Protein chains: 2
Amino acid sequence: MKFPFTVNDAFWSRYQELVSDVVIPYQKQILADELPEVEKSHAIENFKIAAGESDGIFYGMVFQDSDVAKWIEAASYSLMLKPDEKLENELDELIETIGKAQLSDGYLNTYFTIKAPEHRWQNLREAHELYCAGHLMEAAVAHKKATGKDNFLKIMEKNAKHIADRFGKDKERGFPGHPEIELALTKMYDITGNKTYLDLASYFIDERGTAPDYFAEESSRIDWVVWGNYMNNPEYNQAHLPVREQTKAVGHSVRAVYLYTGMADVAAKTGDKSLADACEILWNNIVEKQMYVTGGIGSTHDGEAFTKDYDLPNDTAYAETCAAIGLIFFARKMLELNPNAEYANIMERALYNGVISGMSQDGKRFFYVNPLDVNPEYSGKIMGHRHVLPHRPTWYGCACCPPNVARLITSLGDYVWLKKDDIYYSNLFIGGTYQESDKNGLGIELQTAYPNDGDLKYIIHTSKMENLKLAVRIPDWSDGYEITVKGKTYKQPETLNGYLMIEDTFVEGDSIEVKFTMEVKKIYANVQVKEDAGQVAFQCGPFIYCLEGIDNQNDLLSLRVKADGNVTKSIKNDVILGEIPVLEIEGARLEKQKSLYNYKKPSMEPVILKAIPYYLWDNRGENQMKVWISEVM
Amino acid sequence: MKFPFTVNDAFWSRYQELVSDVVIPYQKQILADELPEVEKSHAIENFKIAAGESDGIFYGMVFQDSDVAKWIEAASYSLMLKPDEKLENELDELIETIGKAQLSDGYLNTYFTIKAPEHRWQNLREAHELYCAGHLMEAAVAHKKATGKDNFLKIMEKNAKHIADRFGKDKERGFPGHPEIELALTKMYDITGNKTYLDLASYFIDERGTAPDYFAEESSRIDWVVWGNYMNNPEYNQAHLPVREQTKAVGHSVRAVYLYTGMADVAAKTGDKSLADACEILWNNIVEKQMYVTGGIGSTHDGEAFTKDYDLPNDTAYAETCAAIGLIFFARKMLELNPNAEYANIMERALYNGVISGMSQDGKRFFYVNPLDVNPEYSGKIMGHRHVLPHRPTWYGCACCPPNVARLITSLGDYVWLKKDDIYYSNLFIGGTYQESDKNGLGIELQTAYPNDGDLKYIIHTSKMENLKLAVRIPDWSDGYEITVKGKTYKQPETLNGYLMIEDTFVEGDSIEVKFTMEVKKIYANVQVKEDAGQVAFQCGPFIYCLEGIDNQNDLLSLRVKADGNVTKSIKNDVILGEIPVLEIEGARLEKQKSLYNYKKPSMEPVILKAIPYYLWDNRGENQMKVWISEVM
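Structural notes, computed from the coordinates. These numbers come from a predicted model, not from an experiment. (Residues numbered from 1 in each chain as written. Chains lettered and ligands numbered in written order. Predicted model: local features only at pLDDT ≥ 70, side-chain atom pairs only at ≥ 80, totals over all residues. Heavy atoms only, no water.)

1. Quick notes on the pairing of strand β9 (residues 481-485) of chain B
Residue and element names in this part refer to chain B.
And then number 1: As paired elements, β9 and strand β13 (residues 511-516) share five bridges and run antiparallel to each other. For T484, the partnering residue across the bridge sits in β13 and is E513.
And then number 2: Relative to strand β10 (residues 488-489), β9 runs antiparallel, the two sharing two bridges. Bridging across to β10, V485 finds its partner in K488.
And then number 3: Two successive antiparallel strands, β9 and β10, enclose a turn made up of two residues, where K486 displays a positive phi of approximately 50°. (Pairing = 2+ DSSP bridges. Helix = DSSP H or I, 4+ residues; strand = E, 2+ residues; numbered from the N terminus.)

Pasting the structure below:
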C-alpha cells in the first residue's frame, strides 16, 4: 500500500530519500550494534536474547524495545515510499525474532522477560510496559499497511489481547505512566475494526487521574522501582486530574502530547464531546502559552516538562524533538476532529523548525534538545545548561528522538491532505499528488517551489469532479493571496476556519493557483515571555531563522537588529548546506567595552546580520546560535 | 576599645542601632533556640553539650559552630559601638561554655567532640574544622578588642597552637576545604604579634593547590564523608592550582573571596609581591567579568559558585550575601596593599546593594540569595529557580549569612578610612569622626547627607596638622566635583589612583568641602553579558535601583524604558519604608496581546516607572522585582 499522498517535492523528497537511503540503514546498524564508535544500543540484541536466539543480559533503558519498534515503523513507511526487498526481508527476520520473544500468554517486553520477570505489570508508572507495547503496535500497523502481511500484526493482536484481558473495568485497574498505547490502540482499531482496542484506549484515558490515585496505590504495593521516587508526582504523568478536568498542559511534555493525541483520536471516533473539549482547552494552553516559536514544547530539563505559562527560556530550553513530533500528532488528530487552519499552522511550524532541527543534514546526528540560544562557552557545560548540547551527537543512551524523526518523515504523506465530510483540506504545502483509492476519487497534484515561495498550483487529475470543495489553509505568516481558478481570477473567496474555500466543477488538467505573499516577518513574543523581552525573531514562510556564529564573525552577543531596518531574503549557495534561503538583516554591532558595567551607552556600527533557517543550524561545526535578537533604534 | 571611626550618619547609624538593639538580641534568641517559630539552630546547645553542661546530640550543619562565632564577633563589635553590660556578661557566659567545650589538647569543635571524635582532622575538604576555628579566632580577636579581656583569646590561642602543632612544613600536610582560617590567623597575629599565626596562614595559602592533590590523597585514605563526593572537584575549593598560578575566580564564591582576603593580608604583611600580583589578577577577573551590578558574586546555585566569565543570569542568580560581604573583606585588604579608589568603589557597590539587601528593614528576615529578577510565579518554584526565594525567610538551616551581615554592619568603622604611609584615604562617605589614638593624631569629622547627595564636608579636629595629605575617593558614579578648602575654591587638585589628593596645613575647625555631582545614571552591561542585552539598570550615588511590582501595577514584564526619556530622583515618604529616594523614569507599557507570538509590534502607552533602591526590595510583601529593564526607542 502507498500513502494517499505521494511526495514529489524538492524539499521533502530529499528528506524522504535521506531517511530511506541513509537514516534507516544507519539506525539499523546502530540498533544491531554494528557501529562500535556510536553509543551502544543493544536493542535488537535484547529481542534476540528474549527469543532464545542469543545469550546475554538485558542492556539499556527500560523502554529500549521502543527504539526497535519506531525503527520498524519508519522502515515500513519507507517501504510504502519505495519497495526494497532486502529491507522487507530484514523486517520479516526481525519480526520473527520478536515473535519468538513473545511469551505464550501474549506478553512481550524484553526488559521484563530477560531481567525482571517477577515484576511484570507491577509498576505501570515507571516501567514503560504499556508504552513499549504501544510503539510495537504502531509498528505492526505500519508494517501491515506497507506489506499487507499479518506476521507482526498477529503478534501485536495477541499482545493487545493479553493487555485487554488484564486491564479494564471489572478487571485489574491501571493506566500507563507514559501514555502512547492509547493512540496505538486506536490505530489497531482502525486496521482491524476490533472495538476491544478502542474500548481499551478509552478505558486508559477515562481511568487516568481518577481517585483513588492509582500510582500512589501501586507504589505502596511494591518495593521494586526503576528510578525510584524521582518525578513521582501526579502532574508529571498527567494523572493529577481526570483528563476532562485538565486545563493546562503539565508534566513530561512527550507524555502529554501522546496522551492528548490519543484523547483526540478517541473523541473523534466516539463523538465524545467532553473529551474533544478537553483536547481543545489543552491545545490552546500549549500554543497560546507554552510553545517556543519553533514549535518546541516542554521548556525544562527537569522532568523534560512543561513548567509555567510563558516560561520559555531560550538558552536552557528543552524542547525535545519527540515533543515537537508529538505536537504534530496532536495537531493532526485535532484537524480530524474539527478542521481548523490553526492546527495546520502549528503543525507546519513544528515540522519545518523544531522537528527537522532534530537531525543533521547528513542524517547521522540527532538533537534530543532544541535550544534557541546556544553558546558553546556554557551550553552543555554549566549548571542548568548541561543538557543543551551545542553539537548533535550520533546517538543517545535514551534514543527516543532519532527513530521518531525517521518515522515522521517517512509517513509525511499522512499529514498533507485531509478529507473530512465532503471537503478536501490542503494542510501542508508539499509538492506531490493526493490520490483517493476509489476509482472516482479525487486525484490532485500540487506543483510548488514551496517553502522557497508561496505559489501553489493545484492540478486536477480526475476525469470530472462536480462541486469539488477544496479548502486551502491560509498560512499564518502570509498577508494576502491571489487565486486563479481555471485561468480566471477568483475574487473574494469564502474563508472558513482559516481556510480559503474554493468550490467548483473541475475536469482533468484544470488548475487552481493560489499565490500567498511570502514576506520576511519580524516576530514579537507576548510580553509575558520575559526571555524574549525587547527581542525579535524572523520568519519567512514556514521557517524561523537564526543567526549562527560562523556567518556573523563568531560573535552574536554584540549584534542588534535595527528596528526600522531592511531585511532581504535571497537564495545563496553555501558550500556545505547547498542552496538555502538567507536573510540579510540591517543591524548594528555594539562596540567592545572592557568594563563589565558602563555609564556610557556603547556605540554601534552598522552591520548586516546573516540569518539561516533554524533547522539548518549546527551543520557547519559547533558555534554560537541565536533565534531572538535584541532590537534597537 | 572603640573603632578608629565612629559612625554618626543618618543612614548607617540607624543600621548600627538596628543591629545592636534588634538583630543581635534576636539572633541570640535563635541561636539559643528560644524562638520556636524560627528554623531551629541548636548552635549554642551544641556547645553546652560539648561542655558537659547539657545532654543531647549534635544538631545542625558540620559548621554550626561558626554561627555562634559570627554572632560573638558581631556582639563584640556592638560593644565597641556602645557599652552593654548585660551583653558583655552574656558573652562571658558563652565564652566560659566554649572554654569547657575545648578539649585539653586545644581541640575545639562541637560536631566532632559530640558526634564524630574518631574522625577529627580526617576530612579537611568537607568537615569545616579549620573554617570553624577561623571564625572562632575572629570572634576572639573582636572580643579582646571590644572588652580588653583575654578569656576568649586564650581559648583560641590554645586552639591555634593545637592547629599549628599539627599542620605545616615538616608536620602533617593539609589546608582547609573552606578557606577562612587564613584571614583569621592574620588577625590573631595582629593582636598577639605571634608570628606562628602568620606563618601558619602562609603555609595554608602556599600549600593549597600544590601537587600531589591533598584532597584526593585525603579522600583515598578515609571512608568517612560528610556529603560525599558532591563537589569533589579541585576548582570548587580553589585547590586546582597553586594560588599564585590562579588567574580566574572559580568555585564556591565565599571560599574564593575568603581565601583571596587571606592572601592579600599575608601579602601585605610579608611583602610577598607574587602573592599580591595573584590577588590583583583574581580581583580584576571578579570585578571585570564575574560580578553583578549589585556587587553580588557567584552566579550559580550549583556549588554556590562562580561559573564562566560574563555568565550573570538575573533570575537564577545566586549572589550569596556572604559572598558580597567577602568581596568587601577582599576589597579592604586590597586597599591596604595598594590604595586605589577602584577597590573602594566596589566596596561601596557591594555594601549599599548586594550586602544590605540580605536583611529586611526590621532586621528579622534574611536573604541568602540575592537575585536581580524575581517573579513569585516561578522564583522559588521551578527548575533552576528553586533557590531564588521571593521573600526573606527568618532563618536558615545553613545560617551563614544573617550573622555575617550583623558583624559587617557593626564593624563598619573599620572600613571607612585607611591610613597608609602618610596619606589618609577617605574610602566610604559615611558621616562621623575618624580619630587616631595617639595624642597628636588626626581627628577628622565628615558631615554629610550622603547617600542622599554627594556633598561632603570634612572638619579638622586636631590642633594643627602640617602637610596633611587627604585622599578622597572619586566615586565611579560621579561626573565631576567642586572642592573648597578652608573656604577657598581648590582648583585642579591632583588625582592619584582614583583619589582627589588634597594637601595642606590645617588647624582645628578648618574644613574641606567636596561636592560630587550625583546624577541618575543609566548602566549598560558589557555586551558579553547576554542576560542584560538591550537592557538598562539605574544608579544614583551608590544605589542600584530596582522596580517592584507594588509600585508598578504588579506587572513589570510589560514595562520598557524610553531610551531618551527623563529620569528624576526625589525623596518620597513610603508608609512602610519611610523617606526613601525614588526614581521616576519615563517609559512605556506594552499592550497586552493574547497571542504568544505576533507579527505586529505591540503598541506602547507612555508610563512613568517607579524605582526604589535595590536593597529595599521585599519589605512590602512578596512581589515582582527587576533591576535590568529593556530599553526601547
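2. Here we look at the packing of helix α12 (residues 273-289) of chain B against helix α14 (residues 341-355) of chain B
Residues and elements named next belong to chain B.
And then number 1: Look at α12 against α14: their axes get within 12 Å of each other, and the N-to-C directions meet at 45°. Judged on the interaxial angle alone, α14 and α12 are oblique. Helix-helix and strand crossings are classified by hand; for α12 and α14 the assignment is left-handed. Between α12 and α14, the contacting residues are E280, W283, N284 and V287 on the first element and E342, Y343 and I346 on the second. (Axes fitted to C-alpha atoms, helices over the stretch in contact; angles between N-to-C directions. Parallel < 35°, antiparallel > 145°, perpendicular 65-115°, else oblique. Left-handed = near helix turned anticlockwise from the far one by under 90°. Contact = heavy atoms within 4.5 Å.)

3. A word on the relation of the copies chain A and chain B
And then number 1: The transform that puts chain A on chain B rotates by 180° and translates by 0.1 Å along the axis, for an RMSD of 0.0 Å. Considering both components of the superposition, the chain copies are consistent with a two-fold axis. The C-alpha atom lying nearest the rotation axis in chain A is that of A:M633; the distance is 2.8 Å.
And then number 2: Both copies present the same face, since 100% of the interface residues in chain A are matched by interface residues at the equivalent positions in chain B. (Least-squares fit on C-alpha atoms with pLDDT ≥ 70 in both.)

4. Let's talk about the interface of chain A and chain B
And then number 1: Of the residues lining the interface, 63 residues belong to chain A; the matching set on chain B comes to 64 residues.
And then number 2: A buried area of about 5,000 Å², summed over both sides, lies between chain A and chain B, and 58% of it is on carbon and sulfur atoms.
And then number 3: Contact with chain B buries area across many residues of chain A, yet A:L596, A:Y597 and A:Y599 alone supply 19% of it, more than any other trio.
And then number 4: Between the two partners, chain A and chain B, sit ten salt bridges.
And then number 5: The partner of B:E288 in a salt bridge is A:K594, with the nearest N and O atoms 3.0 Å apart.
And then number 6: Where chain A touches chain B, the interface holds 24 residue pairs in polar contact (both at pLDDT 80 or more). (Buried area = accessible area lost by both parts, 1.4 Å probe. Salt bridge = Lys/Arg side-chain N within 4 Å of Asp/Glu carboxyl O. Polar contact = N/O pair within 3.5 Å; in protein donor to acceptor, adjacent residues only side chain to side chain.)

5. Some points on the pattern of salt bridges
Residues and elements named next belong to chain A.
And then number 1: Tallied over the full model, the rule gives 105 salt bridges over all chains.
And then number 2: The partner of E157 in a salt bridge is K154, with the nearest N and O atoms 3.9 Å apart. Here E157 pairs with K154, and both are found in helix α7 (residues 151-166), just three residues apart, close to one helical turn.
And then number 3: In this structure, a network of salt bridges that share partners links the residues D190, D265, K269, R332, K333 and E336.

6. Side note on the environment of A:V627
All names here are of chain A.
And then number 1: Its place among the elements puts V627 in the loop between β22 (625-626) and β23 (629-632).
And then number 2: When its relative accessible area of 1% is taken as the criterion, V627 is described as buried.
And then number 3: V627 sits 313 residues away from N314 along the chain, and the two C-alpha atoms are 8.3 Å apart.
And then number 4: Aside from chain neighbours lying at most four places away, what touches V627 is V293, L372, V536, A537, I544, Y545, C546 and Y614. (Buried < 20%, exposed > 50% of the residue type's maximum accessible area, 1.4 Å probe, protein only.)

7. Description of unusual backbone geometry
And then number 1: With an omega of 5°, the peptide bond between A:Y450 and A:P451 qualifies as cis.
And then number 2: As for its position among the elements, A:P451 is in the loop between β6 (443-448) and β7 (455-460).
And then number 3: B:A211 connects to B:P212 through a cis peptide bond whose omega is -10°.
And then number 4: The residue B:P212 is located in the loop between α9 (195-207) and α10 (214-221) in this model.

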